[in-house]
Amino acid sequence: MQKYLIEVEDMTVAYQEKPVLWDIDLKIPKGILMAIVGPNGAGKSTLIKAMLNLIKPISGKVLFNGKSYESQRRYIGYVPQRGSVDWDFPTSVLDVVLMGTYGQIGWIKRPGKKQKEMALNAIKEVGMETFSQRQISQLSGGQQQRVFLARALVQDADIYFMDEPFQGVDAKTEKAIIHILKKLRKRGKTVIVVHHDLQTVKEYFDWVTLLNTRLIKYGNVDEVFTDENLKMTYGSSVRVLSREA
Amino acid sequence: MSIESLLRDYTLQIVALGSAVLGAISGILGSFAVLRKQSLLGDAVSHSALPGIAFVFLITGIKNTEMLLLGALASGLLGTFLIVIINRYSRIKFDSALGLILSFFFGLGLVLITYIQKLPNANQAGLEDFIFGQASTLLKRDVYIMIVLGCVILLMVVLFWKEFKLYSFDMQYGVSIGFSAKKINIILSSITVIAIIIGLQSVGVILMSALLISPGVAARQWTDKLSVMVILAAVFGIISGVIGTVISSLVSNMPTGPVIVVVISLIVIFSLLFASKRGILWQYIKRRRNSRHINESRLLINLYELALNHEDIYHPHETKMIEPTSTDKTIKNIEKTLLILRQQGYIKQDYFGTWAITDIGIQRAKRIEKYGGDCL
Amino acid sequence: MSPQLEIIITAIIVSSACALLGVFLILRKMAMMTDAISHTILLGIVVAFLLTKSINSPLLIIGTALMGVLTVYLTEVLKRTKLMAEDSAIGIVFPLLFSIAIILITKYAGNVHLDIDSVLLGELAFVPFDRLIVFGRDIGPKSTYIMLTILLIDGVFVILFFKELKLVTFDAALASVLGFSSVFIHYSLMGLVSVTAVGAFEAVGSILVIAFMIGPPVSAYMLTDKLKNMLMLSIGIGIVNAVIGYQLAALLDVSIAGSIATVIGITFLLIFIFAPKRGMITIGYTRHVRKIGFAVNSLLFHLHNHEGTEKEKVESNRQTLHHHLHWDKKFLDIILKKVINLNYVTQKEEYLKLTQEGRDYTLKAYQDITS
C-alpha cells in the first residue's frame with residue numbers, strides 16, 4: 001500500500017560549489033494543488049526539473065507511486081517556463097497542443113482524428129478556441145501560456161508540473177489557469193506549481209512547499225503558510241503577509 | 001635549415017614579424033568578439049571580403065595590396081552591415097544571417113574570380129591566395145602596412161577602452177547612461193574588419209576566424225579581468241604567430257596558416273585543461289572535493305538523526321544502520337567517509353566497530369541543519 | 001541526356017537534399033554547424049584517402065560523415081565545459097580540424113589527385129565526366145545517383161520522424177518528459193547533414209553546400225508560418241535558384257557553384273525587402289502608418305483635453321503646439337495637414353479647434369484604447 005503519490009528522498013543538486021538543493025525529503029499525497037514557494041535562486045525550478053529527470057541530482061531519488069520515473073512517465077505532465085522555447089517557430093496553436101499527445105502515440109506514428117479532437121477540446125478548455133489555427137508567433141504572452149496549459153491537459157496525465165505559469169500573464173489568463181487548476185483537482189489530479197506571488201498562495205493552493213535550498217516546511221497551506229515560516233524562508237527582513245486575509 | 005641560419009633568414013624575419021603583428025591585433029579584437037558572443041562574425045566577414053578583392057582587381061587590373069585591402073574592407077563592412085540589418089529587422093537568427101551572407105558573398109567572389117580568370121592578359125595569379133592565405137609571400141611592404149594598421153587599431157582600443165568594455169559587458173546599461181550603442185558598434189566592428197582583412201593575406205579567409213577566436217578564448221580561462229584578458233590574448237596571438245612561422249620554415253611542406261592555427265588551438269586546449277580556477281582539471285578536483293564534503297555532511301546528519309532517536313545521543317550505530325539513507329552507494333565508500341569524519345573528530349568508533357557522534361560532531365550537524373550545505 | 005541537363009538535375013537534387021535538412025538546422029539555431037561540417041569533412045576525406053589510398057572507396061563517404069559527426073560532438077564537448085559560448089566552440093573546432101587536413105594534404109598527398117581548391121570550391125561542370133556504368137551501360141553521372149540516394153534517405157528520415165523533429169526542435173525539455181530521445185534525433189540529423197555534405201561536397205563544393213542548406217530555408221522562413229510549407233518552399237526556392245544560377249554561370253562562363261550561391265543570396269535579399277508580411281517594406285510601412293495614426297490620436301487627445309479650459313489659447317496655438325507635444329515642427333505640419341484634411345480640426349488664425357466630427361472620433365478612439 002502506497003500512501004504517497006510522490007516521494008522525494010535525499011535530493012541534493014549542485015551545479016557549482018554551492019548546492020542548489022540540499023537534502024530534500026518531500027512526500028506528496030494524491031489530489032492536491034501544491035505551490036512551491038521561495039526566494040529567487042531558491043532552487044524551485046531545479047526541484048521540479050530534478051523530479052522530472054531533466055537534471056541529474058548528486059544524490060537522492062524520486063518515486064512516483066513507489067516506482068521509478070521512467071515507468072510512470074506516461075502519467076506525468078509538464079508545463080515548462082514560457083520563455084524556454086522559441087515562439088517564432090513556424091507552427092500553429094493546434095499543432096503545439098497536439099504535441100501533448102505524442103507521448104501516447106509513440107515514435108513515428110502520427111496523431112489522428114482522436115488526438116485532434118482531444119487537442120481541440122483542450123484548446124476550448126483554456127478559452128483559445130478561436131485561435132486554434134493561429135500561428136504561435138502571433139500570440140500574446142498570456143495566450144502562449146494558455147497554449148502550454150492546453151498542451152499539458154492533452155497529455156491527460158495524473159500529475160502535473162508547472163514552472164511559473166503565472167509569470168507575466170494578463171488577468172484573463174490568470175483566471176483561466178486557476179479555473180483549470182481547480183478543475184484538475186476536482187478530477188483527482190495532482191498539480192505542483194512553481195509560484196512567485198505570495199499574496200495568492202492561500203487563495204489558489206491547498207498545499208505549499210517552502211523552499212530555500214533546503215526544504216523549510218511543507219504541508220497544508222493553513223498550517224505551513226505562516227509568517228514565521230515565511231521569515232525562515234525569505235529571511236527576517238521580508239514582511240510577506242502584511243495583507244493577512 | 002639550421003636554427004641559427006634560420007634566425008638570420010631575412011624572409012623569415014619578415015614573415016614572423018607579420019604573423020606576430022597579426023596575432024597581436026586579432027587577439028586583442030577577438031577578445032571583444034568572444035565576449036560579445038560574436039565569435040563567428042569574423043568567419044563571415046573574412047568570407048565576404050573576397051568579392052571586394054576581386055572587384056577592385058577587375059577595375060584596376062593590377063595587384064596593388066593597398067587597393068585590394070581597401071576593396072576587401074568595403075565588402076567586409078557591407079557584409080557585416082547586412083548581417084546586422086537582417087538580424088535586427090527580421091526573425092532570422094544571428095547564426096543563420098552569418099551563414100547566409102558568408103556563402104552569398106563568397107559565392108559572388110568566386111564568380112568574379114572565375115570571370116577574371118577568363119579575361120585575356122589579366123595577371124590574376126595569386127588572387128586565390130586570399131582564400132587560403134600565403135604567409136610566405138608576405139613582402140616587407142605588406143608587413144609595414146600591417147604594422148601601421150596595427151598601431152592604428154591599438155590606438156583606437158586604448159582610446160575607446162572604456163566604451164568597448166561597456167559594450168562587451170552590458171550595453172543596455174551603457175545606453176542608459178548616454179552612450180550610443182550604434183556608434184561604439186560601428187567603431188569596434190570597423191577596426192575588427194580591418195584586423196580580419198590584414199590577416200587574409202597570411203592565413204586566408206577560412207582560417208582567419210580561428211586567429212580571432214582562439215587567443216581570446218584561451219586568455220579568458222586565466223583571468224576575469226578584461227585588461228589582463230586582452231593583453232594575454234595578444235601574447236598568445238604573438239606566440240602562435242611566431243612559433244607557427246618558424247615551424248613551417250623548419251619543416252618542409254608545411255603551410256604557415258594551418259600551422260599557426262594548430263599552435264593556437266594547442267594553447268586553447270592547454271588553457272581549458274590547466275587554467276587555474278576555471279580549468280577543467282581544477283574544476284574536476286573542486287567537484288571531487290565538493291562532493292566529498294557533501295557526502296561527509298550528509299553522513300554526519302544521518303548519524304545525528306539516528307542518534308536523536310535515542311535517549312543517549314552518543315548511542316553508537318553499526319555501519320549497516322547508517323547505509324540506507326546515505327549518498328555513498330557502497331558500504332566500502334561509506335566506511336571511507338566515516339573514517340574521514342573520525343579523523344576530523346566528528347565521530348568516534350568503538351571497540352565493536354560501531355559509530356557514535358561526538359560533541360563537535362553534534363555542533364557541526366546542527367550548523368549544517370541550520371544553514372543547509374553552505375557551511376562547508 | 002545532355003551534360004547541361006545532367007548538371008542541372010544534379011544541382012536540383014543536391015539543393016533539395018540540403019533544403020530538407022537545412023530547415024531543421026536553422027530552426028535549431030545550428031546554421032553555422034553546416035559551415036563547420038562542410039569544412040571538417042575535408043579531414044575525413046584526407047584520412048580515409050591516406051588509409052585506403054583511393055578516392056573512390058565507399059569507406060570515404062562513411063569515414064567522412066563520421067568526421068562531420070565528430071565535429072558536432074567536439075563542439076558540444078567544448079560547449080559543455082561552460083568555458084565558452086557555442087559559437088566560440090564551433091570557431092575553435094572547425095579551423096583546427098581543417099588546418100590538420102591541409103597540413104596532411106600538403107605533407108603527404110600533395111601530388112595526388114586531391115585538389116583542395118576543387119573540393120572546397122567545387123566544380124559542377126565536372127559532374128558529367130564520372131559515369132556510372134551498370135551492366136556495361138552508361139546510365140548517367142555517378143554523383144547524380146549518389147546524391148539521389150542521399151536525397152531519398154534524407155526524405156525518408158524527415159517524413160518518418162517529422163513529428164519527432166518538430167517536437168525536439170521546438171521544446172527539447174517536453175520531448176524528454178514525453179520519452180523521446182533528443183540525442184537520437186539530434187545525432188541522426190547531424191549524421192545525415194554530414195552524409196549529405198560529403199555527397200554534395202565533390203559535386204558542388206562546400207560553399208554551395210552551405211548556401212543550399214541555409215539560404216532557401218531562411219528565405220522560406222520569411223514567407224511562411226507553417227513548418228510543412230517551409231519545407232516545400234525551401235525545396236522550391238532551392239530548385240529555382242539552382243536553375244537560374246546555372247543559366248547565369250553558363251551565360252557568363254563563371255563558376256557554377258559561385259553563381260548559384262550568389263543567386264541564392266540575391267533571392268533572399270529580395271524576399272527580405274519585398275516579402276508580403278515580414279519584408280522590410282511592409283514592416284516599414286506598417287510602422288509608419290501606426291506612427292502617423294498614433295500621432296493623429298495624440299494631437300486630437302491634446303486638443304480635446306484642453307478644449308474649453310483656461311489654457312486653451314496657449315495649448316492649441318499652432319506656433320507653440322510642437323513644444324507641448326515634443327514634436328519637431330515638420331512632423332507637426334504633416335499631422336496637422338492630415339487632421340485638417342480629415343476634417344477633424346479647423347484652424348482659425350493661430351488657434352486650432354476640434355470639429356464635431358473630430359470630437360466624436362476622439363471620444364471613440366479614447367474608448368477603443370481604454371476598453
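Residues numbered from 1 in each chain as written. Chains lettered and ligands numbered in written order. Predicted model: local features only at pLDDT ≥ 70, side-chain atom pairs only at ≥ 80, totals over all residues.

### A short note on the domain arrangement of chain B
Quoted interface sizes are often the accessible area lost when the parts come together. On domain assignment, one finds that chain B holds domain 1 (3-275) and domain 2 (281-375). The straight-line distance from the C-alpha centre of domain 1 of chain B to that of domain 2 of chain B is 56 Å. (Domains from an automatic or database assignment.)

### Notes on the nonpolar core
Ranked by size, the top nonpolar core spans 278 residues in total, and within it Val-97 of chain A together with Ile-260 of chain C carry the most contacts. With 21 residues, the single largest contributor to this core is helix α11 (residues 181-222) of chain B. Among the nonpolar cores identified, the runner-up in size contains 15 residues, and Leu-299, Tyr-304, Leu-338 and Ile-357 of chain B belong to it. (Core = buried A, V, L, I, M, F, W, Y, C linked by C-beta atoms within 7 Å. Buried ≥ 20, exposed ≤ 12 C-beta atoms within 10 Å, placed from the backbone. Helix = DSSP H or I, 4+ residues; strand = E, 2+ residues; numbered from the N terminus.)

### Focus: helix α5 (residues 113-125) of chain A
Residue and element names in this part refer to chain A. Under the 1.5 Å per step criterion, the end-to-end length of α5 is 18 Å for 13 residues, consistent within 8% with the ideal 18 Å. For α5, the set of buried residues is Met-118, Ala-119, Ala-122 and Ile-123. For α5, the angular spread of the buried residues around the axis is 140 degrees, confining them to a single face. What points out from α5, more than 90 degrees from its buried face, is the exposed set Lys-113, Lys-114 and Glu-117. Contact partners of the buried residues in α5: α3 (93-98) and α6 (141-154). (Expected span 1.5 Å × (residues − 1). Arc of directions from axis to C-beta. Contact = placed C-beta atoms within 7 Å.)

### Quick notes on the pairing of strand β6 (residues 159-163) of chain A
Residues and elements named next belong to chain A. For β6, the tally of buried residues reaches five of five residues, placing the bulk of the element in the interior. Residues Ile-159, Phe-161 and Asp-163 of β6 are buried on one face, and the alternating residues Tyr-160 and Met-162, pointing to the opposite face, are buried as well. With four bridges joining them, strand β5 (residues 76-79) and β6 adopt parallel strand pairing. In the sheet register, Ile-76 faces β6, and the bridge partner there is Ile-159. Sheet topology note: the β6/strand β7 (residues 190-194) ladder contains five bridges and is parallel. Within β7, the residue paired with Met-162 across the bridge is Val-193. The parallel pair β6 and β7 is bridged by helix α7 (residues 171-186), and the resulting crossover is right-handed. (Pairing = 2+ DSSP bridges. Right-handed = clockwise from strand over helix to strand, strands pointing away.)

### A short note on unusual backbone geometry
Positioned with a positive phi, Asn-53 of chain A is a non-glycine residue whose angle comes to about 70 degrees. With respect to the helices and strands, the residue Asn-53 of chain A is situated in the loop between α1 (44-51) and β4 (59-64). The backbone of Asp-253 of chain C sits at a positive phi, close to 55 degrees, despite the residue not being glycine. The class of Asp-253 of chain C is exposed, set by 10 C-beta atoms lying within 10 Å.

### A closer look at the pairing of strand β9 (residues 214-220) of chain A
All names here are of chain A. Direction of pairing for strand β8 (residues 207-212) relative to β9: antiparallel, over a ladder of six bridges. Paired with Leu-210 across the strands is Lys-217, a residue of β9. Linkage of β8 to β9, two consecutive antiparallel strands, is achieved through a turn of one residue, within which Thr-213 is found at a positive phi near 65 degrees.

### What to know about the environment of Val-168 of chain C
All names here are of chain C. Relative to the helices and strands, Val-168 is located in helix α7 (residues 162-170). Distance from Val-168 to Val-183, taken between C-alpha atoms, is 9.2 Å for residues 15 residues apart in sequence. Among residues more than four places away in sequence, those in contact with Val-168 are Ala-175, Phe-180, Ser-182 and Ile-185.

### Quick look at the domain arrangement of chain C
We note that the domain assignment places domain 1 (3-278) and domain 2 (282-370) within chain C. Of note, the centres of domain 1 of chain C and domain 2 of chain C, computed from C-alpha atoms alone, are 56 Å apart.

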